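The residues making up each chain are set out below.
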Amino acid sequence: MRIILLGAPGVGKGTQASLLAQALHIPKIATGDMLRTAVKAGTPLGLAAKHYMDSGKLVPDDIIIKLAIDRIHESDCQNGFIFDGFPRTLPQAQALAEINLQFNYVIEIAVPDEEIVQRLSGRRIHLPSGRVYHTLYHPPVKADHDDVTGERLIQRDDDKEVTIRKRLEVYYAETAPLVEYYAQLAEANALEFYRIDGTGEVDDIQARIRELIG
Ligand code: AMP
């Protein structure tokens, strides 16, 4: 089964894609995670991508298309996969169509912009362990410090409010047209397209998705 999760940054695509991947026994392919790994490792890809990511811009299509298409040719993708954060532009979606890659479901997760800003700008990370906190929803015992080691937490550059607003702008300009693109494919019966409400509890949203895909 091949699935695309669409939606602005911060709607919970990553969380929902992970749960779905576990349930369906297929991998989640998150281009943002792949890029962050490359940045951490200091690879040429990471060096090329970093400044786009830090400023909330999209990494150029040619780089990201190659990354995603190479990944889906790996053996664990034979029974399907879930795309989280890809495609994000029309040329990326067209690159998938050009290699005749068909999808069963495209699911758009929708959350109001102000809730997205609140969700992302409160996020704090303990870099050495990867532990994630939230100033409102999951605060550390001592503000800005990790519960286990007492070390300082950081805010990712792309979680800063100005960057989030920029990422939302980029989403509406570049990614939102994909909703229309996939809705038209659904009209032609090439796939099923659904828009779901991404507010509320993680498990309830997962249940909504699972109900749709049966
Ligand atoms: P994410 O974790 O999905 O929000 O991705 C983090 C950042 O990686 C984005 O803000 C972009 O700079 C870059 N990125 C991830 N996926 C893509 C994509 N499909 N196209 C272009 N840039 C991407």
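Position numbers for residues count from 1 along each chain, tracking the sequence in the order it is written. Only residues with pLDDT of at least 70 get local features here, since the model is predicted, and only at 80 or more are side-chain atom pairs given and counted; chain-wide, interface and lining totals rely on the full set of residues. Excluded from the side-chain calculations are hydrogens and water; all other atoms, namely the structure's heavy atoms, are used.

What follows concerns the overall build of the protein chain. Numbering goes from the N terminus for both helices and strands, where a helix is a DSSP run of H or I of at least four residues and a strand is a run of E of at least two. For the protein chain, the count of helices and strands is nine helices and seven strands. Viewed in the frame of its principal axes, the protein chain has a C-alpha envelope of about 55 × 40 × 35 Å. The cut-offs for exposure are 20% and 50% of the maximum accessible area for each residue type, with area from a 1.4 Å probe on protein chains only; residues under the lower value are buried, those over the upper are exposed, and the others partly exposed. Taking all 214 residues of the protein chain together, 43% fall into the buried category. Contacts are residue-level and defined by heavy atoms, with any inter-residue pair within 4.5 Å sufficient. Across the protein chain, contacts joining residues at least 24 apart in sequence account for 68% of those joining residues at least 6 apart.

Looking at soluble globular proteins, one finds that nonpolar side chains tend to be buried together. We define a nonpolar core as any set of buried Ala, Val, Leu, Ile, Met, Phe, Trp, Tyr and Cys residues linked to one another through side-chain atoms lying within 4.5 Å. If you look at the biggest cluster of nonpolar residues, it comprises 30 residues, and the most contacted ones within it are Leu 6, Phe 81, Phe 83, Leu 96, Phe 103, Tyr 182 and Phe 193. Those elements that place two or more of their residues in this core are strand E1 (2-6), helix H3 (44-54), helix H4 (61-72), strand E3 (81-84), helix H5 (90-98) and helix H8 (177-187). In terms of residues, this core owes the most to one element, H4, which gives six residues. Ignoring any residue separated from it by four or fewer positions in sequence, one finds Leu 96 in contact with Ile 69, Phe 83, Phe 86, Pro 87, Leu 101, Phe 103 and Tyr 182. Membership of the second largest hydrophobic core comes to 23 residues, among which are Ala 17, Leu 20, Ala 21 and Ile 109.

Should DSSP find at least two bridges between two strands, the strands are regarded as paired. Strand order across the open sheet formed by five strands is E2-E3-E1-E4-E7, with parallel pairing between neighbours. Edge positions in the sheet fall to strand E2 (28-30) and strand E7 (192-197), since each of these pairs with one other strand and no more. Averaged over all adjacent pairs, the angle separating strand axes in this sheet is 20°, with direction ignored. For helices, the fitted axis covers only the stretch in contact; all axes are lines through C-alpha atoms, and the angles between them, taken along N-to-C directions, range from 0 to 180 degrees.

So, about the environment of Asp 159. Following the sequence through the fold, Asp 159 ends up in the loop between strand E6 (131-134) and helix H7 (161-175). For Asp 159 and Pro 9, which are 150 residues apart along the polypeptide, the C-alpha to C-alpha distance reads 9.9 Å. Within 3.5 Å is the distance limit for a polar contact, defined as a pair of N or O atoms, with the added protein rule that one can donate a hydrogen and the other accept it, and that residues adjacent in sequence qualify only through two side-chain atoms. One polar contact links Asp 159 to Arg 123, side chain to side chain, over a distance of 3.1 Å.

Following Phe 86, the chain continues into Pro 87 via a peptide bond in cis, with omega recorded as -5°. In this structure, Pro 87 sits in the loop between E3 and H5. The backbone of Asp 144 shows a phi angle near 65°, a positive value even though the residue is not glycine. Relative to the helices and strands, Asp 144 resides in the loop between E6 and H7.

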